[in-house]
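The residues making up each chain are set out below.
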Amino acid sequence: MSLLLNITITYALYTANQTRVFPPRACAPQAGAAGAVAALEAAAEDEDERGGGGRGRVGLCVLCGLPAAGKSTLARGLRRCLEQRRGWACLLLTYDELVPQEAFRARQPGAEPEPSLPDWKQSRRELLQCLERLLQALLTGDPLAAAGPSSQPAWERFLACCLRQGLLCSMEGGGGRYCAHTAGSGPLCIILDDNFYYQSMRYEVFQLARKYSLSYCQVFLESPLECCLQRNRLRSHPVPDHTIHLMASKIEMPDLKKNAWEQNSLILQSSDCTSENEQIIALLAAALENPVKQKPENAEQKEADRAICAASAVHQADQTCRRLVSQAMKEARDKNILPSELKSLAEELNKLKAEVLEDVRQGNHLKSQLPVQNPCSDPDTSAISLFQLEAANIVNKYILK
């Protein structure tokens, strides 16, 4: 937490075609929220001076915590603050409004075939698909059509939300097409308001940010369980108590040490959280200055392929070493070695096998350890050759006693 609370903002801002460092405007470099926001305002002014007509930086901010922890209240206040006092564009996506209540109801048995995903999971997936379609339009400048390729009700709800908040406007000539309507080239902050009680739920949003090189951050609101239960009971449509208890037992807080992708996180007490919270403003500004970098193309698949290849190499080496150990033990028994010495021999050979397999697993280069090197052999072949040589030396030690 101390790391996040003492964020120092770098004034290096990147454009599409070149890297340019913009000096701070009329002040020395500042730390914290004031410095972060000053950097963003200076960057926006420079964009205007250069005649940049494209969309400014786009960030995704995830609000998470138990039901009735105060997330929606914070989200609405934060949107007003960012738009009215900071001059940023802001879109608030409230899952309670965009995911229909019927998605959480149990299906009538035998009513229709069971889908591959529960309705509530499918609705969440459709919402992220709608968000991705909006992001593509924002980044390319392409118009959005009223008819969507995904689930039509979900897309209609999403469009209505964007229109209500003034992010989209109808294009001239109608035809059911919309374009993004944001003032200037300042930042656009998209706030996702939901429980996000599993890390996997938040990671889906992070993957979206990484795919399009957007900024990503998350704010986790802590609130005592009993307080959430009391607030929830005052709602017009309260969540069942047992649901909140269950969620509290399963909720996964941001883990900054374990998950590098959760570094831009704040964990705050809901009682201390307001839309003017300096820590939140600093977090948003710092994240916008440091968007998530895309992974190289097919990097994930390449990592998976490497893992499969490594596992296969270890398996093959293990099978070969087992066969060589079996042959060595047979040779030793044929030489009438004492049972006690056979046991010691087996222990030495198995220890050698474990060491060689670990070298194969780690990808260590073993050719230099061989007396005669074959430049055409691969490291795994070298490992087996080394094992065979060392095993023969160990067996001879017992035979020649």
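Up top is the structure these notes are about.
Residues numbered from 1 in each chain as written. Predicted model: local features only at pLDDT ≥ 70, side-chain atom pairs only at ≥ 80, totals over all residues. Heavy atoms only, no water.

*Asks:* It is not clear to me how the overall build of the protein should be interpreted in this structure. Could you clarify?
*Replies:* Along its length, the protein carries 13 helices and ten strands. Counting every position in the protein, which comprises 401 residues, the buried fraction comes to 41%. The contacts of the protein with a sequence gap of at least 6 include a subset with a gap of at least 24, amounting to 72%. Carbon and sulfur atoms provide 51% of the accessible area of the protein, an area that totals close to 22,300 Å². (Helix = DSSP H or I, 4+ residues; strand = E, 2+ residues; numbered from the N terminus. Buried < 20%, exposed > 50% of the residue type's maximum accessible area, 1.4 Å probe, protein only. Contact = heavy atoms within 4.5 Å. Areas by Shrake-Rupley, 256 points an atom, 1.4 Å probe, with all protein chains shown as cover.)

*Asks:* Explain the pattern of salt bridges here, please?
*Replies:* Per the stated rule, a full pass over the model turns up eleven salt bridges. Measuring nitrogen to oxygen at the nearest pair gives 3.0 Å for the salt bridge that ties Arg202 to Glu262. Taken as a pair, Arg202 in helix H7 (residues 199-211) and Glu262 in the loop between helix H9 (241-250) and strand S10 (265-269) lie far apart in primary sequence, 60 residues in all. Accessibility classification places Arg202 together with Glu262 in one group, the buried group. Linked through salt bridges whose partners overlap, the residues forming this network are Glu226, Arg233 and Asp241. (Salt bridge = Lys/Arg side-chain N within 4 Å of Asp/Glu carboxyl O.)

*Asks:* Just checking my understanding: could you explain helix H8 (residues 225-233) for this structure?
*Replies:* Among all positions in H8, only Cys228, Leu229 and Asn232 are buried. Angular distribution of buried residues about the axis of H8 spans 100 degrees; they occupy a single face of the element. As for H8, its buried residues are in contact with H9. (Arc of directions from axis to C-beta.)

*Asks:* Just checking my understanding: could you explain the packing of helix H3 (residues 71-85) against helix H10 (residues 278-289) for this structure?
*Replies:* Any two packed helices are characterised by how steeply their axes cross, that is the angle between the axes, and by the distance between the axes. Closest axis-to-axis distance for the H3/H10 pair is 12 Å, and the angle between their directions is 65 degrees. Classed by the angle they form, the pair H3 and H10 counts as roughly perpendicular. For the pair H3 and H10, the sense of crossing is right-handed. Contacts between H3 and H10 pair Leu74, Leu78, Cys81 and Leu82 from the former with Ile280, Ile281 and Leu284 from the latter. In terms of residue class, the contact of H3 with H10 is made up of seven nonpolar, no polar and no charged. (Axes fitted to C-alpha atoms, helices over the stretch in contact; angles between N-to-C directions. Parallel < 35°, antiparallel > 145°, perpendicular 65-115°, else oblique. Left-handed = near helix turned anticlockwise from the far one by under 90°. Nonpolar A, V, L, I, M, F, W, Y, C, P; charged D, E, K, R; others polar.)

*Asks:* What exactly am I supposed to notice about the sheet that holds strand S8 (residues 188-193) here?
*Replies:* The strands making up a sheet associate through hydrogen bonds between their backbones, and the pairing can be parallel or antiparallel. Reading across from one edge, S4-S8-S3-S9-S10 is the order of the five strands in this open sheet, with parallel pairing throughout. Of all strands in the sheet, those bounded by a partner on one side alone are strand S4 (89-94) and S10. Pairwise comparison of adjacent strand axes, ignoring direction, gives a mean angle of 20 degrees for this sheet. Alignment of S4 against S8, held across six bridges, turns out to be parallel. Within S8, the residue paired with Leu92 across the bridge is Ile191. (Pairing = 2+ DSSP bridges.)

*Asks:* How should the nonpolar core be read in this particular structure?
*Replies:* For soluble globular proteins, nonpolar side chains are generally found buried alongside one another. With 74 residues, the main nonpolar core has Ile190 and Leu192 as its most contacted residues. With residues near it in sequence (within four places) discarded, Leu192 still touches Leu60, Cys61, Val62, Leu63, Leu93, Tyr95, Leu128, Leu131 and Val205. Residues Ala328, Leu342, Val356 and Ile384 belong to the second largest nonpolar core, which totals 24 residues. (Core = buried A, V, L, I, M, F, W, Y, C linked by side-chain atoms within 4.5 Å.)

*Asks:* Can you walk me through the side chain of Asp194 in this structure?
*Replies:* Positionally, Asp194 belongs in the loop between S8 and H7. The buried category is assigned to Asp194, whose relative accessible area is 8%. Contacts of Asp194, omitting those with residues within four sequence positions, involve Leu63, Cys64, Gly65, Lys71, Tyr95 and Arg124.

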